[in-house]
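Tertiary structure, described
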Amino acid sequence: MQDSYDLPANNKTVMGKTITISEDEVKKWNLNMPDEMLEAVSNRFKLLSEPMRLRILRVLCERERTVQDIVKEVNASQANISKHLALMHDNGVVHRRKEGLKCYYRIADDSIIFACYLISKSVVENLQDRLSWIQKVNSNLTA
């Protein structure tokens, strides 16, 4: 495990923010986490496990958007987007604001963006490690 993770603020919605998480903080969190909190964390991961919801979050990272804007960006039906947005709103992931007939959504908790960044970075690093291993094996077989 690394001593710390520096998360660059590379999203417009989190511009200017940097979070540093030390290994001690992670250990403390792991040791003090009650089972009820683990259940809540699990539910958040379940909510984020749907690719369409991640696509919606990716669009909302840029700025607040209407449902129609999101529908166009992710190329999905309004019914499908509305269903996901309602679930995300009910679980505190997005804020909703109504203005006339339009409904605007924005990310409610920037930590979700940081979590997605960390997981994406980990996935890329894992794939790079696997590719390096495959290339090494391949060169040994052809040598």
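Residues numbered from 1 in each chain as written. Predicted model: local features only at pLDDT ≥ 70, side-chain atom pairs only at ≥ 80, totals over all residues. Heavy atoms only, no water.

**Section: the confidence of the model for the protein chain**
In this model, the protein chain carries an average pLDDT of 84, and 88% of its residues clear a pLDDT of 70 or more. Within the model, the stretch residues 1-15 combines pLDDT values under 50 with 42 contacts to residues more than four positions away or in other chains. (pLDDT = per-residue confidence, 0-100. Contact = heavy atoms within 4.5 Å.)

**Brief notes about the packing of aromatic side chains**
Here the structure, examined in full by the defined rule, presents zero aromatic pairs. The residue whose ring lies beneath Arg97 is Tyr104, and the NZ or CZ to ring-centre distance is 4.4 Å. (Phe/Tyr/Trp six-rings, centres within 6.5 Å; stacked < 30°, edge-to-face > 60°. Lys NZ or Arg CZ within 6 Å of the ring centre and 35° of its normal.)

**A short note on the sheet that holds strand S3 (residues 65-66)**
The antiparallel open sheet is built from three strands, whose spatial order is S3-S5-S4. The open sheet has two edge strands, S3 and strand S4 (94-99), and neither has a second partner. The sheet contact formed by S3 and strand S5 (residues 102-107) spans two bridges and is antiparallel. Residue pairing across strands places Arg65 opposite Tyr105, the latter belonging to S5. (Pairing = 2+ DSSP bridges. Helix = DSSP H or I, 4+ residues; strand = E, 2+ residues; numbered from the N terminus.)

**Observations regarding the side chain of Arg65**
For Arg65, the location among the structural elements is in strand S3. Among residues more than four places away in sequence, those in contact with Arg65 are Val59, Leu60, Ile70, Glu73, Cys103, Tyr104 and Tyr105.

**Thoughts on the nonpolar core**
If you look at the biggest cluster of nonpolar residues, it comprises 23 residues, and the most contacted ones within it are Ile56, Leu57, Ile70, Ile81 and Tyr105. Those elements giving two or more residues to this core turn out to be helix H2 (35-48), helix H3 (51-62), helix H4 (67-74), helix H5 (78-90), S5 and helix H6 (111-142). When residues in this core are grouped by element, the largest group, six residues, is from H3. If sequence neighbours within four positions are ignored, Tyr105 has contacts with Leu60, Arg63, Glu64, Arg65, Val67, Ile70, Leu85, Val94, His95 and Arg96. (Core = buried A, V, L, I, M, F, W, Y, C linked by side-chain atoms within 4.5 Å. Buried < 20%, exposed > 50% of the residue type's maximum accessible area, 1.4 Å probe, protein only.)

**Focus on the packing of H3 against H5**
At a closest axis distance of 10 Å, the pairing of H3 and H5 adopts a crossing angle of 80°. Taken together, the axis directions place H3 and H5 in an arrangement best described as roughly perpendicular. Here H3 contributes Met52, Arg53, Ile56 and Leu57 to the contact with H5, which in turn contributes Asn80, Ile81, His84, Leu85, Leu87 and Met88. Residues of the contact of H3 with H5, tallied by class, amount to seven nonpolar, two polar and one charged. (Axes fitted to C-alpha atoms, helices over the stretch in contact; angles between N-to-C directions. Parallel < 35°, antiparallel > 145°, perpendicular 65-115°, else oblique. Nonpolar A, V, L, I, M, F, W, Y, C, P; charged D, E, K, R; others polar.)

**Examining H4**
Every buried residue of H4 is listed here: Val67, Ile70, Val71 and Val74. Take H4 and look down its axis: the buried residues cluster within an arc of 105°, on one side only. On its buried face, H4 sits against H3, S3, H5 and S5. Phi turns positive, to about 55°, at Asn75, one or two residues after H4. (Arc of directions from axis to C-beta.)

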